[in-house]
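Chains, contacts and geometry: an overview
Chain by chain, the residues run as shown.
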Amino acid sequence: MVSIFPEKSLIPADLSTISLDNPETISLELALEILPLGDFEQKWAVAKILVKYGSQVIQPLKKIILDEKANVEHRWYSLKILSEIKNPEIILIVTELLTITQEEDLLLLASQTLASQGKQSIIFLSQLLDNLSSRLLATEALAQIPSLEVIKPLLSVVNDQDNTIRTTAIATLRNFDTPEIKSVMINALKDYASSVRKEAVIALGLKLKSGEDVELIKLLSPLLEDINLSVAQQTAISLSRSNHIFAIESLNKVLGNENTPIPLKVTIVRSLAWIATPESLQCLDNYLYKEDLDLSITLEIITALGRVRKATLKHQCVTILSNFYENNYSKLNQPEILQSLCYSLKQLNVVTAVKILKAIEINHNAQVRFHAQNALKKFEIK
């Protein structure tokens, strides 16, 4: 939150000498004048005074809150005051604020204000869903309320014609877990809007459990080849939550497709490494030997193997990297690969890596030798 407190000298004389010990003597007009100009204590005290005026302060404070050119501190205090008042109009003000500001502190307080209005805000916003002109605003506001009671109204707009409304509803509903919501998410995988498909993939991925729910894996897998790259990448990430062989095979199949974009291949490599089973690591091992393998993918596989943290799999990773070094002479003329090998072997910290690191130290130039020696220090080898 941006804090800009005016110096005492900037406060008019009649304000700097005002005593707030007796709130009854402060008029609404004077309180509103003190709010933007007073020091911290005056602002805090006058905020409590303004709350007592109830609905009378809504309109003047609304102008401040929705004014993007106004001081953020002033807007925050104004919203804080309204958050203490129960009135349906405040819900509309907060809803509009959510659509025009990117100030984190204002967004947080706006969300808290909606929640503070209680069930009344959900009922009011649900009614706004019936109006085409206010439906998006109401949907975005409902998305800010952490309550089970938003499920029903949001389910009513998951098939709306507006892509943004559908996306917002799906993104919010993923925070809840009911059979009805899961069914909605599955249907959303076929939505024509990529933003909706992506949110559905995220939602269903969160429901994946390691080695379980094969049917869900089969529903997600086709989206690895989605026309939208972001959706395909998110699918790879979601599938990495499962170590089922079908998920691994699906990822491996798309990785091996020569038409798969490089960014998606990178994401799949990371996903297979994250799954971290002997089968998923074997897929990476096999792919390292693919002819004309892009340098970025080679480096990504080497790096990903170095990040494996399961102790039972570290030996497999070292073996994969060692064999790659011994059997891929054509690629070893690229310093980036050798440097990456050294770093990953160092990260794995398995003693069997010493043999390869020494070989790298002996057989290559000074720049590569430096990285090998640095890695060997991990094993206290000189």
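Because the structure is a prediction, the values reported are computed rather than measured.

1. Describing the nonpolar core
The biggest cluster of nonpolar side chains holds 124 residues, and the ones touching the most others in it are Leu 82, Leu 125 and Leu 341. For Leu 125, the contacting residues outside a window of four places in its chain are Ile 91, Thr 95, Leu 114, Ala 138, Ala 141, Leu 142 and Ile 145.

2. Regarding helix 12 (residues 179–188)
Turning to helix 12, its buried residues number three or more, namely Ile 181, Val 184, Met 185 and Ala 188. Angular distribution of buried residues about the axis of helix 12 spans 100 degrees; they occupy a single face of the element. Turned more than 90 degrees away from the buried face of helix 12 sit Pro 179 and Asn 187, all of them exposed. The inward-facing, buried residues of helix 12 contact helix 10 (151–155), helix 11 (163–173) and helix 13 (194–207).

3. A few points about the side chain of Ser 221
Residue placement: Ser 221 occurs in the loop between helix 14 (214–220) and helix 15 (229–239). The exposure class of Ser 221 is buried, given its relative accessible area of 11%. Reaching out from Ser 221, the side chain makes a polar contact with the backbone oxygen of Ile 217 at a distance of 2.8 Å. When residues no more than four places from it in sequence are discounted, the contact partners of Ser 221 are Leu 239, Phe 246 and Ser 250.

4. Concerning the environment of Leu 66
Tracing the backbone shows Leu 66 in the loop between helix 4 (58–65) and helix 5 (72–82). Those residues in contact with Leu 66, other than ones at most four positions away along the chain, are Arg 75, Ile 93, Glu 96, Leu 97 and Ile 100.

5. Structural notes on the pattern of salt bridges
Close approach of charged atoms allows side chains of opposite charge to pair. For the structure on display, the rule yields eight salt bridges. Across the pair Arg 135 and Asp 160 runs a salt bridge whose closest N-O atoms are separated by 2.8 Å. Pair noted here: Arg 135 is in helix 9 (residues 135–142) and Asp 160 is in the loop between helix 10 and helix 11, with a separation of 25 residues, a long-range link. Under the relative-accessibility criterion, Arg 135 is labelled buried at 17%. On the basis of relative accessible area, Asp 160 is assigned to the buried category, the value being 12%. Residue Glu 300 is joined to Arg 270 by a salt bridge in which the shortest nitrogen-to-oxygen separation is 2.9 Å. With a gap of 30 residues between them, Glu 300 in helix 19 (residues 295–306) and Arg 270 in helix 17 (residues 262–275) connect regions that are remote in the sequence. The class of Glu 300 is buried, set by a relative accessible area of 12%.

6. Looking at the packing of helix 17 against helix 18 (residues 278–287)
For the pair helix 17 and helix 18, interaxial distance at closest approach is 7 Å and the crossing angle is 140 degrees. By the angle between their directions, the pair helix 17 and helix 18 is classed as oblique. For the pair helix 17 and helix 18, the contacting residues are Lys 265, Val 269, Leu 272, Ala 273 and Ile 275 in the first and Ser 280, Leu 281, Cys 283, Leu 284 and Tyr 287 in the second. Classifying every residue of the contact of helix 17 with helix 18 by side-chain character gives eight nonpolar, one polar and one charged.

7. Topic: helix 22 (residues 354–363)
Along helix 22, the residues classified as buried are Val 354, Ile 356, Leu 357 and Ile 360. What you see down the axis of helix 22 is that its buried residues fit within an arc of 165 degrees, all on one side. Exposed residues pointing more than 90 degrees away from the buried face of helix 22 are listed as Lys 355, Ile 362 and Asn 363.

8. As for the packing of aromatic side chains
Summed over all chains, the structure comprises two aromatic pairs. Judged by centre distance (5.5 Å) and plane angle (90 degrees), the rings of Trp 76 and Tyr 77 are edge-to-face. In terms of burial, Trp 76 and Tyr 77 fall into one category: buried. With 6.4 Å between their ring centres and 70 degrees between their planes, Tyr 289 and Phe 324 make a pair best called edge-to-face.

Reading the values: the criteria
Residues numbered from 1 in each chain as written. Predicted model: local features only at pLDDT ≥ 70, side-chain atom pairs only at ≥ 80, totals over all residues. Heavy atoms only, no water. Core = buried A, V, L, I, M, F, W, Y, C linked by side-chain atoms within 4.5 Å. Buried < 20%, exposed > 50% of the residue type's maximum accessible area, 1.4 Å probe, protein only. Contact = heavy atoms within 4.5 Å. Helix = DSSP H or I, 4+ residues; strand = E, 2+ residues; numbered from the N terminus. Arc of directions from axis to C-beta. Polar contact = N/O pair within 3.5 Å; in protein donor to acceptor, adjacent residues only side chain to side chain. Salt bridge = Lys/Arg side-chain N within 4 Å of Asp/Glu carboxyl O. Axes fitted to C-alpha atoms, helices over the stretch in contact; angles between N-to-C directions. Parallel < 35°, antiparallel > 145°, perpendicular 65-115°, else oblique. Nonpolar A, V, L, I, M, F, W, Y, C, P; charged D, E, K, R; others polar. Phe/Tyr/Trp six-rings, centres within 6.5 Å; stacked < 30°, edge-to-face > 60°.

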